[in-house]
Amino acid sequence: MSKTSCNEIWLIIDSRQFGGIETYVAQLATGLLVHQQPTRVLLITPYQPETPLREKLDQLAIPFQYLAENSSQALSKLISLIRSEKPLALHAHGYKANLLSKCAKLATGVPLISTFHAGETPTGKVKLYDWLDRITAAVANHAIVVSHAIGKKLPSASIYLENFIDTRNIASSGGEQLAFVGRLSPEKAPERFIALASKFPHQSFHLYGTGPLAESLAKEGSSNVQFHGHQKEMNRCWSKISVLVICSHFEGLPMVALEAMARGIVVIATNVGELPQLIRHQENGFIAQNESELATCLDDWLNLPIEQQSLIRQQAAQTIHQHYSQQAIIPKMLKIYGVS
């Protein structure tokens, strides 16, 4: 790892698995480095098995380090690191990283940006931590939200900033699969995808991801549903997909929607989070107002002439390149950091 310079941005995250927040952090770090802004990712603690984010950071040549061997040491290590290396700013992602970084800011005065990614209301102890994170949002210099709905849950001012991806080397997909990509958990409502598959027995449906509902879904799934499990590298899978179904109860602005649309994959999504702002119904994708409309949207898509399908795919890709790319968003982020 190269010697730290005093103008680094530190992206702080607690990562056990690889999901939307990890994708966001990897995209942000890459974009900042492309824009010549020194950046480092700080992982709070190591886990066993090791977080897939570490392998991703290695692949992208993004500098990173672990703060401490356990959570109890992480705060003192972060404070010590800030005082000795004086980063330009901290940018925290997720409730644990946000709470840790707020304590470090109060102790050192380092500028802090907190991003709030989760639209759903968690349960158990996480619900308490999530609440504490939200009510202390004003401790950060700036609170960024990835959907307006998340912003409404904060008691203080926030900045809405779109999620984004690196579109520089993305190839169009020529696949045929109807797919679900994401965590198999209640807020993502993957059971709706299983139900959708039962209505189209002559189509092939594919789930990429794992989670607490995996076992029960496998029992419910019909013969035209295939489970592929967790994917270390989705780039190998996108080329096989034609339609992405996002059937969630809650979302912000899901990274998988941006990844899919940038490749010309058509997204059929429920009317949640920022998806209605991203997708113009029947122009660059489809928005279902309720669960039953998912089948209507898919049937409409399957019956469109090939010329009209091609146009929708082109408009989907164009939307991402123009409005949700690193090139569009990173300059806005640099202004928030105070970088001229």
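Each value, and the rule that gives it
- Residues numbered from 1 in each chain as written.
- Predicted model: local features only at pLDDT ≥ 70, side-chain atom pairs only at ≥ 80, totals over all residues.
- Heavy atoms only, no water.
- Core = buried A, V, L, I, M, F, W, Y, C linked by side-chain atoms within 4.5 Å.
- Buried < 20%, exposed > 50% of the residue type's maximum accessible area, 1.4 Å probe, protein only.
- Contact = heavy atoms within 4.5 Å.
- Patch = residues over 30% accessible without salt bridge, like charges linked within 9 Å, V, L, I, M, F, W, Y side chains within 5 Å.
- Areas by Shrake-Rupley, 256 points an atom, 1.4 Å probe, with all protein chains shown as cover.
- Salt bridge = Lys/Arg side-chain N within 4 Å of Asp/Glu carboxyl O.
- Helix = DSSP H or I, 4+ residues; strand = E, 2+ residues; numbered from the N terminus.
- Pairing = 2+ DSSP bridges.
- Axes fitted to C-alpha atoms, helices over the stretch in contact; angles between N-to-C directions.

Engineer: An account of the nonpolar core is requested, with residue identities and associated values reported.
Structural biologist: Judged by nonpolar contacts, the single largest core of 62 residues is most densely connected at Leu11, Leu28, Val41, Leu275, Leu278 and Tyr337. Residues within four places of Leu275 in sequence aside, it is in contact with Ile246, Glu251, Gly252, Pro254, Ala257, Ala269, Thr270 and Ile287.

Engineer: Explain a nonpolar patch on the surface to me, using residue names and the numbers behind them.
Structural biologist: Among the surface-exposed residues, Leu128, Tyr129, Trp131, Leu132 and Ile135 lie close enough to one another that they form a single nonpolar patch of about 480 Å² accessible area. The topology assignment puts Leu128 in helix H5 (residues 124-135).

Engineer: I'd love a proper account of the sheet that holds strand E9 (residues 205-208), names of residues and values included.
Structural biologist: Taken in spatial order, the six strands line up as E10-E9-E8-E11-E12-E13 in an open sheet, and their pairing is parallel. Two strands in the sheet have a free side with no partner beyond their single neighbour: strand E10 (225-229) and strand E13 (286-288). Shown here is a sheet whose adjacent strand axes are inclined to one another by a mean of 25°, direction ignored. Of the strand pairs in this sheet, strand E12 (residues 266-270) and E13 are connected by three bridges, and their pairing is parallel. Bridging across to E13, Ile268 finds its partner in Phe286.

Engineer: Just give me the short version of the sheet that holds strand E4 (residues 89-93), but keep the residues and values in it.
Structural biologist: Ordered in space as E3-E2-E1-E4-E5-E6-E7, the seven strands form an open sheet in which the pairing is parallel. Looking at the sheet topology across the chains shown, the edges are occupied by strand E3 (64-66) and strand E7 (159-160). Across the sheet, helix H3 (residues 71-85) is in contact with strand E1 (9-13), strand E2 (39-43), E3 and E4; its angle to E1 comes to roughly 175°. Of the strands in this sheet, E1, E4, strand E5 (112-116), strand E6 (142-145) and E7 touch helix H14 (residues 326-337), which is tilted by about 155° from E6.

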